[in-house]
Amino acid sequence: MKPEELEVKAAAQIAKYQAYDVRLFTCSSRGCQSADALGVITALKAEIKAKQLDARVQVSGSGCLGLCGRGPLIRMKSKTQKDVMFCDVTAALAPKIVDQVVVPVLGGTKVEQPGGELATKTLDLNDPFFALQEYVVMANNGKQDPEKLDDYIACGGYKGLRKALGMSAEDICKEILASGLRGRGGAGFPTGRKWELTRKVEGDVKYIICNGDEGDPGAFMDGSTLEGDPHAVIEGMLIGARAINATHGVFYIRAEYPLAVERIEKALRQARAAGLVGKNILDSGWNFDFELRLGAGAFVCGEETALIASIEGKRGTPRPRPPFPAVKGLFDKPSCINNVETFANVTKILQHDAAWYAARGTAESKGTKLFAMTGKSKNNGLIEVPMGMTLRTIVDLVGGGTGTDHKVKAVQTGGPSGGMIPVEQFDTPVSYEHLKALGSIMGSGGMIVIDDHDSVVDLARFYLDFCVDESCGKCAPCRIGGKQMLNLLDHFVAGKGTEEDIKTIRRIATAMQKASLCALGQTAPNPVLSALHHFEPEFRARMQAPAAKQA
Ligand SMILES: Cc1cc2nc3c(=O)[nH]c(=O)nc-3n(C[C@H](O)[C@H](O)[C@H](O)COP(=O)(O)O)c2cc1C
Ligand code: SF4
């Protein structure tokens, strides 16, 4: 494909879509698929066909529409009125949506709040859940079928790659640095700086790797992004490849994400056929292609050196750094590893520019952040909010609080490497710097809401148990320290904790933080320490009664 053909194709596609009076986008991600979204799509298509409305109504799949706890979700777009979103849709409901909403809208009647059975299945798009979010990474969801390259191109897809092909590698790195983008995989390292470092390393073979391992309990941001906008991740990797002069691209995706794998494979086939991946990309003379490797479900394989070992066919265990992967990475060649969401952001930065991106966020954390909102929040699902929004706004307004009589007590950010933040500190803006100051981390974006009926002792034990289970066992502080700390936590769970146990937990935590080889062991004590710091009375309430101690 020649570069100018992109625009022609986009214009043709947009014209095709504009011919539809109504477009029905049903989330076809794995969450909604598990609630029969594909059955809903089939039923909608059958109904539209039976009514001979095919020329006026488009029925399409879509990336995640956000409110996963209420799926399957449909977003209806029309020329004549505001969007309408339906939740908890069943195949049986499809004919009613067509009869009571689509047909009247086609006839010129506005139906923004349908009555009857559909009233409870219609979401209020003015609700803070929708109104306060800002979609950058999720911008194409509800506008394209993730399985169609033409849809992606119509949404501005591969414009960023086209721009990158006209820039020097150094200038791409500078643009990403100026955007303020920090890696979304957890540590928040500035992406532009990482790329610049890798660019400067000489090498006839150089790898760019997408980390799609996503093993944290409660996290599903990366899986949803791979499923919902696969071309955006591929485009971001191509831009990254140009920036660091990479010769090979590798996707590492956990095998438990079969739909993400399928969509990436399909998107790569489409991109190759269109001359966007492979030989002579966009008629530039540049050749670049990808391989796909599946992770076998070990959390530690998300750690970059373990991931490299896993791709090389070795046991997935971390190794000391330096040498960093930028110098000695996959097959000992210079390599750059970035997270899925990082690459999706890169695409948007090049499609717009650095200043556009940096206009959102705080001094040290730019852009938006995806969170997988779970636990006791009313609105469980995938959210994207600007950095700097307070936890209170996110949990109480976007998340809708608990939606029950129970009160929000805390939120856990950063998964098993993060911490619990009590409700009293919810005025904190969400950013790398602010969450760190509270003893938690942004992590990759798990956000678990805890209510006043939950025990933070049990939750801390859950996370530690996860890390003990997932420890690769290579170094003693993590392998032995984690297990010992878990045994001590079990004393509290059984109501038999002691003052001495608390002291020992803190001592072991320090040893793990200081002496573990990789961040799994270094950060595993975090949930326990933050629970102890903010909720020590809960631990004390689980101590052995003094009388029992004397006995
Ligand atoms: C135990 C462990 C698990 C990790 N899992 C992931 C993961 O699933 N996805 C990810 O992108 N980064 C993960 N990381 C962080 C990666 O090592 C690495 O920092 C990241 O992929 C870099 O990408 P970024 O700069 O775009 O954030 C993990 C780190 C550790 C210590
Ligand atoms: S800290 Fe834990 S996971 Fe990391 S290398 Fe050591 S034993 Fe393995």
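Every value quoted in this text rests on a predicted model; they were computed, and no experiment measured them.

Attention shifts here to helix 22 (residues 526–541). In this model, helix 22 (16 residues) spans 21 Å end to end at C-alpha, consistent with the 22 Å of a helix rising 1.5 Å per residue. Largest kink in helix 22: about 95 degrees, centred on Phe535, with the proline Pro537 one to four residues after it. As for helix 22, its buried residues are in contact with strand 12 (408–413), strand 13 (419–422), helix 18 (456–470), helix 19 (476–493), helix 20 (499–515) and helix 21 (519–523).

With that settled, the discussion passes to the packing of helix 8 (residues 169–179) against helix 9 (residues 191–200). For the pair helix 8 and helix 9, interaxial distance at closest approach is 7 Å and the crossing angle is 160 degrees. One finds that helix 8 runs roughly antiparallel with respect to helix 9. Handedness of the crossing formed by helix 8 with helix 9: left-handed. Only Thr191, Gly192, Arg193, Trp195, Glu196 and Arg199 of helix 9 make contact with helix 8, whose side of the interface consists of Ala169, Glu170, Ile172, Cys173, Ile176 and Leu177. Broken down by class, the residue content of the contact of helix 8 with helix 9 amounts to six nonpolar, two polar and four charged.

A separate point is the environment of Phe220. Looking at the secondary structure, you find Phe220 in the loop between strand 6 (207–212) and helix 10 (221–228). Since its relative accessible area comes to 18%, Phe220 is described here as buried. When residues no more than four places from it in sequence are discounted, the contact partners of Phe220 are Arg30, Cys68, Glu214, Tyr257, Ala372, Thr374, Gly381 and Leu382.

Here we take up the site of ligand 1. Residues in close proximity to ligand 1 total 18 residues, the closest being Gly185, Lys194, Glu214, Asn339 and Thr342. Computed on the free molecule, ligand 1 has an accessible area of 610 Å², of which 90% lies beneath the protein chains in the complex. Of all the secondary-structure elements, those providing two or more residues to the shell around ligand 1 are strand 9 (335–339) and helix 21. No other element matches the three residues that strand 9 contributes to the shell around ligand 1.

On to the site of ligand 2. Among the 13 residues in the neighbourhood of ligand 2, the closest are listed as Cys472, Lys474, Cys475, Cys478 and Cys518. Looking at side-chain class alone, the shell around ligand 2 contains eight nonpolar, four polar and one charged residues.

The way to describe two aromatic rings as a pair is by their centre distance and the angle between their planes. Counted by the stated rule, this structure contains ten aromatic pairs. Where Tyr152 meets Tyr158, the ring centres are 5.3 Å apart and the plane angle is 85 degrees; that geometry is what we call edge-to-face. Taken as a pair, Tyr152 and Tyr158 share a single burial class, namely buried. Between Trp286 and Phe288, the aromatic rings sit 5.3 Å apart at their centres with planes inclined by 20 degrees, giving stacked as the arrangement. The same class applies to Trp286 as to Phe288, namely buried. Taken together through their ring pairs, the aromatic side chains of Phe251, Trp286, Phe288 and Phe290 make up a single cluster. In this structure, Arg193 packs its charged tip against the face of Phe189, placed 5.2 Å from the ring centre.

Okay, the sheet that holds strand 14 (residues 446–451) next. Here five strands make up an open sheet; going across it, the order is 11-10-14-12-13 and the pairing mixed. Pairing within the sheet leaves two strands with one partner each, and these edge strands are strand 11 (381–386) and strand 13. Along the sheet, successive strands turn relative to each other by an average axial angle of 30 degrees, direction set aside. Taken together, the four bridges between strand 12 and strand 13 define a ladder with antiparallel strand orientation. Among the inter-strand pairings, Gln412 is bridged to a residue of strand 13, identified as Met420.

Another aspect to go through is the sheet that holds strand 6. The strands that make up a sheet are held in pairs by hydrogen bonds between backbone atoms, and each pair lies either parallel or antiparallel. What the four strands build is an open sheet, ordered 8-7-6-9; its pairing is parallel. Looking at the sheet topology across the chains shown, the edges are occupied by strand 8 (290–295) and strand 9. Looking at each pair of strands side by side, their axes are set apart by 20 degrees on average, direction ignored. In this sheet, strand 9 lies alongside strand 6 in parallel orientation, the contact comprising five bridges. Counted as the bridge partner of Tyr207 is Ser335 from strand 9. Contacts between helix 11 (residues 230–244) and the sheet are confined to strand 6, strand 7 (248–254), strand 8 and strand 9, with strand 6 contributing the most and set at about 150 degrees to the helix.

What counts, and where the lines are drawn
- Residues numbered from 1 in each chain as written.
- Chains lettered and ligands numbered in written order.
- Predicted model: local features only at pLDDT ≥ 70, side-chain atom pairs only at ≥ 80, totals over all residues.
- Heavy atoms only, no water.
- Helix = DSSP H or I, 4+ residues; strand = E, 2+ residues; numbered from the N terminus.
- Expected span 1.5 Å × (residues − 1).
- Bend = angle between axes of the 7 residues up to and from the residue.
- Contact = heavy atoms within 4.5 Å.
- Axes fitted to C-alpha atoms, helices over the stretch in contact; angles between N-to-C directions.
- Parallel < 35°, antiparallel > 145°, perpendicular 65-115°, else oblique.
- Left-handed = near helix turned anticlockwise from the far one by under 90°.
- Nonpolar A, V, L, I, M, F, W, Y, C, P; charged D, E, K, R; others polar.
- Buried < 20%, exposed > 50% of the residue type's maximum accessible area, 1.4 Å probe, protein only.
- Near = heavy atom within 4 Å.
- Areas by Shrake-Rupley, 256 points an atom, 1.4 Å probe, with all protein chains shown as cover.
- Phe/Tyr/Trp six-rings, centres within 6.5 Å; stacked < 30°, edge-to-face > 60°.
- Lys NZ or Arg CZ within 6 Å of the ring centre and 35° of its normal.
- Pairing = 2+ DSSP bridges.

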